Amino acid sequence: MGDRSMSDSELGALDAERLGSADVRQRRRNALTGALFAAPALLFVTSFLLYPVAMNVWYSFTAWRKFEGLGEWAGLANYQRLATNPNFEAAAINTGIWVIASLVLPVALALALAVLLNGARFSDTAKTLFFLPRVLAPTAAGVIWYYVYAPNGVLNGFLSLFVGPVDRGWLFEDSTITPAIIVAFVWQTVGLPMVLLLIGLAAIPRDPIEAAQIDGATPGQVFLHVTLPLLLPTILVVVIISVLAGFTAFDHIWVMAQSFPGKRRLSLTVLMYYEAFTNNAWAFASAIAVVLGGIVLAVTWLQAVLQERVDRMLK
Amino acid sequence: MAEVRLVNLVKAFGRQIAIKGINLVIEDKSFVALVGPSGCGKSTTLRMIAGLETVSWGDIRIGGEVVNDLPSRSRGVAMVFQSYALYPHMSVRANLSFGLRISGEPRAEIDRRVADAVEVLELGPYLDRRPSQLSGGQRQRVAMGRAMVREPRVFLFDEPLSNLDAKLRHQMRAEIKKLHRRIQNTVVYVTHDQVEAMTMADKIVIMRDGRIEQVGSPAEVFRSPANIFVAGFIGAPQMNFFRGRVGPGGAIFVDRIGEPVLAEPGAFVLPAEGEEVILGLRPEHIVPENHGMVPRRSVCFKATVTMSEALGNETLLTAAFGGVEFVARMADPREVEDGETIEFRIDSDRIHLFDPVTEGTLRRVSN
C-alpha cells in the first residue's frame, strides 16, 4: 500500500453501516453502564419520594379521616373546602409574607455579611459566630426566642430602657407574631447563605476585579458591575434555598406560637399539621400539601429557568 | 509626557522582601520590557505601577507626579492581563466601553474611541459576542482594545502572550509592536520570554530576585551581558560556560582544549596570571568545522556529539569534551550521528569572560 492516505473514491466505497456500527455499540454500552449506576438512586427516589407524593395526591381526592373513608372517592371536595376555609386564606397570606421575607431578608443580610467579612481581619471568628445559631435545633432556637419575646422577656426589658415600661406580648398579637418569628428564623438561618456567598465570592477570579479597578471603577462600581453579576449564580442558589425554607417553615412557628390561639392561621405548613394530627382531616391536609407542593415545584422550575439563563450569561 | 520613574522602590510581603529597592527610568513613549525568571519581581513591579499593590518604600512617579497613594483609576494607566481578565458577563462591545461608561464619557466620544479600537484590532465581527465565544487571540485583542480606548498615558502588559500558541504569539507580538508605533505611549511589558523582550522592546530590564541585573537595549544586553545571569538568560539556546585560567599575554586556558583562547587585546580587564575566569560562548560562536563562517581568529578543539536536534535550517549539537557539555549551532547542517567526534572552532573575537566569584563581566567598560 505504501505510506499514503486512502483516496476519496476508496473512502466512498467503504460500507457505511459498518463504519457507524462501532459508535452504536459504544453508545449502547455507555447507556447500560449509565442505567446501572443510576439504578440505586432511582429506586430510592421512587420508593421514598415519588410513590409517597403520588399517594398523597390520591389521598387528597378521598374522604380519609383518621380510620375511615380512605377508599371513599371525594372528588374535588377537599379542594373546594380549601377555597372556603378562612384559615386557609389567612395561612396562605402568611406563607406569602414568609416567602417574601425569606426572599429578601436572609439574602440581603447574608450578602452584606459576606461582603463585609470577605478577606476581613477576624473574619473567621465572625463567620463562626454568625453560623453558630445554625447548629441549634430549630425548636431550641424557637424556645430561646420565645423567652426573648415574652412580655417580661429580654426584648421588652431592652425597650424599657429607652421608652419606659413595655409589656407587649409580641407572640400574642396578630400584627406582630409573624414578623417576630421571621426575625428569629432569619437569625438562625442566615449563617448558611452567608457561608455560601463567601464561597461564591472567593471563587470570583481576581483579574476582572483588578481590571475594573484599572478601568477606573470605584469600589462601589466594581461591586455593582463586576462582583455582583459574577456572584449571581450563588445568589440564585441562596435565594432558592431561602425561599424554599420560607415555604416550609414550621418548627419555629410551631414552638414560638405554642400559646397563640390562632396558630393554625400562621402558615400553610402549620395548618396542614393541625388538620392532619389535631383535626384528623387527613384527606384535607393532603390537599393542602398538594397545593403547597405545587407552588414549591413551580418556584423550583422558575429557579431552573433562571439558573440556565444566568449560566448562559456567564458562560 | 508620561515618563515612569521608580525610585528606591521596595515591596515587602510581611517579612519577605520581594522588590529590593529598584531604581528605573522608563522614558516617555518608550517600550520597556521587564524580564526575568518567575519570582524575580517583574510582575510585582508592574502591579505596583498599576496601583494593584501598595508601595512599601520609595516612590513611583508617572509624568513627574508621585502616584504611590493614588488609586489605579487615577494613575492614567491601562493594563492587559495574562488571563485577559475580560468581564465574562459582558459583550465585547460592553467590555471595550466599560471604563468609559463608568467614568461618564459622552456617548459620542465612547462610540468614537470604541470604533477606533475595533478598527485597529479588527474586532468588528465579534462586537456582540461574549468572551467565552472568542478564541484566545481574539480575547487578547479585546483586552488590548479595552486598554486602548482609555487612551492611557502608560500601557502595562503582564505576560499578555503566554497563553497563546506559538504562531499566534508571533502574530500578536507584531501587532503590539505596531500598536505602540501607532499610538506612541509609554509601554511597560512584563514577560519571562526573552524572545518577546528582545523583539519588541527598546529597552530591556533584566530582573532577578527582586533586583535589576542589567538595563540596556536588546543589542547591548545580548552583546555585553553584565554578568553570568544575564548572559545565561538572554539568548537561546543559552550561553555555554567553561572554567578557564588566565595565562600569559591574555591567553585563556581551558582544560582539554589544547590551544589557549586569545582574548581580543584590551577588551577585558583580566585578573592576574593563574587566576580562574569563566569563559562564556554563545552556541553560534562555537562553529563546527566546515559549517558556517570560519572565524577570523579561532581556536580548534574536538568534542563528541551526544545529541543533535535538527531544526531544518540548522542543527543544535550537544557535545562534550572531558565531562564538559556545551551546545553549538551547526549552520547548513548535515546528518550527525550520536557519538561522532567533530572538530569545533571557538570564535576568539566573540568570547565573554566573567569573574567566577562576583559573576560580573570582565569586559572593559568603554567610554
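Remember, it's a predicted structure, so these values are computed and weren't measured experimentally.

1. As for the overall build of chain B
Helix and strand counts for chain B come out as eight helices and 20 strands. Taken along the three principal axes of its C-alpha coordinates, chain B extends 75 × 45 × 35 Å. Counting over 367 residues, chain B shows a buried share of 52%. Here the analysis covers contacts within chain B between residues at least 6 apart in sequence; of these, 68% occur between residues at least 24 apart. For chain B, the exposed area adds up to about 16,700 Å²; of that, 47% sits on carbon and sulfur atoms.

2. Notes on empty space enclosed by the protein
In the structure shown here, the tally under the stated rule is three cavities of 30 Å³ or more. Taken as a whole, the largest cavity spans an internal volume of roughly 50 Å³. Lining the largest cavity, in full, are Ala211(A), Ile214(A), Asp215(A), Ala78(B), Met79(B), Phe81(B), Ala143(B), Arg146(B) and Ala147(B). Residue contributions to the lining of the largest cavity peak at three residues, all from helix 4 (residues 136–149) of chain B.

3. What about the interface of chain B and chain A?
The interface of chain B with chain A comprises 23 residues on the first partner and 21 residues on the second. When chain B packs against chain A, the two sides together hide about 1,900 Å² of surface, and 61% of this comes from carbon and sulfur. Ranking the residues of chain B by area buried against chain A places Arg73(B), His89(B) and Ile102(B) at the top, with a combined share of 32%. Across the contact surface, chain B and chain A share two salt bridges. Across the pair Glu210(A) and Arg47(B) runs a salt bridge, and its minimum N-O distance is 2.6 Å. The interface formed by chain B and chain A holds seven residue pairs in polar contact (both at pLDDT 80 or more) in total. Those elements that provide at least two residues to the side of chain B that touches chain A are helix 1 (42–50), strand 6 (77–80) and helix 2 (92–102) of chain B. Of the residues that constitute the side of chain B that touches chain A, the class distribution is 13 nonpolar, five polar and five charged.

4. Quick notes on the packing of aromatic side chains
Scanning the model with the defined rule gives 29 aromatic pairs over all chains in all. Ring centres of Trp254(A) and Tyr273(A) lie 4.6 Å apart, and the angle between their planes is 65 degrees; this geometry places the pair in the edge-to-face category. Here the residue Trp254(A) occupies a position in helix 12 (residues 251–256), and Tyr273(A) occupies one in helix 13 (residues 268–278), the gap between them amounting to 19 residues. Centre to centre, the rings of Phe157(B) and Tyr189(B) are 5.5 Å apart; their planes meet at 35 degrees, and the pair counts as tilted. Taken as a pair, Phe157(B) in strand 7 (residues 154–158) and Tyr189(B) in strand 8 (residues 186–191) lie far apart in primary sequence, 32 residues in all. Each member of the pair, Phe157(B) together with Tyr189(B), is buried. Grouping aromatic residues by their ring pairs yields a cluster made of Tyr59(A), Trp64(A), Phe250(A), Trp254(A), Tyr273(A), Phe277(A) and Trp282(A). Here the basic side chain of Arg81(A) rests over the ring of Phe284(A), its NZ or CZ set 3.9 Å away from the ring centre. For Arg168(A), the ring lying beneath its charged end belongs to Trp170(A), and the centroid distance is 5.2 Å.

5. Quick word on the domain arrangement of chain B
Residues and elements named next belong to chain B. Annotation of chain B at the domain level lists domain 1 (4–226) and domain 2 (233–354). Measuring from the centre of the C-alpha atoms in domain 1 to the corresponding centre in domain 2 gives 39 Å. Tallying the contact residues gives 11 residues for domain 1 and nine residues for domain 2. Counting each side, the surface lost to burial between domain 1 and domain 2 is near 810 Å², with a carbon and sulfur contribution of 74%. The largest contributions to the domain 1 side of the interface with domain 2 come from Gln194, Phe222 and Pro225, which together make up 62% of the buried area. Inspection of the domain 1/domain 2 interface yields zero salt bridges. For the interface between domain 1 and domain 2, the tally reads two residue pairs in polar contact (both at pLDDT 80 or more). At the level of elements, helix 6 (194–200) and helix 7 (218–223) are the ones that each hand at least two residues to the side of domain 1 that touches domain 2. When residues in the side of domain 1 that touches domain 2 are grouped by element, the largest group, three residues, is from helix 7.

Reading the values: the criteria
Residues numbered from 1 in each chain as written. Chains lettered and ligands numbered in written order. Predicted model: local features only at pLDDT ≥ 70, side-chain atom pairs only at ≥ 80, totals over all residues. Heavy atoms only, no water. Helix = DSSP H or I, 4+ residues; strand = E, 2+ residues; numbered from the N terminus. Buried < 20%, exposed > 50% of the residue type's maximum accessible area, 1.4 Å probe, protein only. Contact = heavy atoms within 4.5 Å. Areas by Shrake-Rupley, 256 points an atom, 1.4 Å probe, with all protein chains shown as cover. 1 Å grid on protein atoms, 1.4 Å probe; cavity = no way out; pocket = protein on both sides within 12 Å on 5 of 7 lines; lining within 4 Å. Points joined across faces, edges and corners; volume = space filled by probe spheres on them. Buried area = accessible area lost by both parts, 1.4 Å probe. Salt bridge = Lys/Arg side-chain N within 4 Å of Asp/Glu carboxyl O. Polar contact = N/O pair within 3.5 Å; in protein donor to acceptor, adjacent residues only side chain to side chain. Nonpolar A, V, L, I, M, F, W, Y, C, P; charged D, E, K, R; others polar. Phe/Tyr/Trp six-rings, centres within 6.5 Å; stacked < 30°, edge-to-face > 60°. Lys NZ or Arg CZ within 6 Å of the ring centre and 35° of its normal. Domains from an automatic or database assignment.

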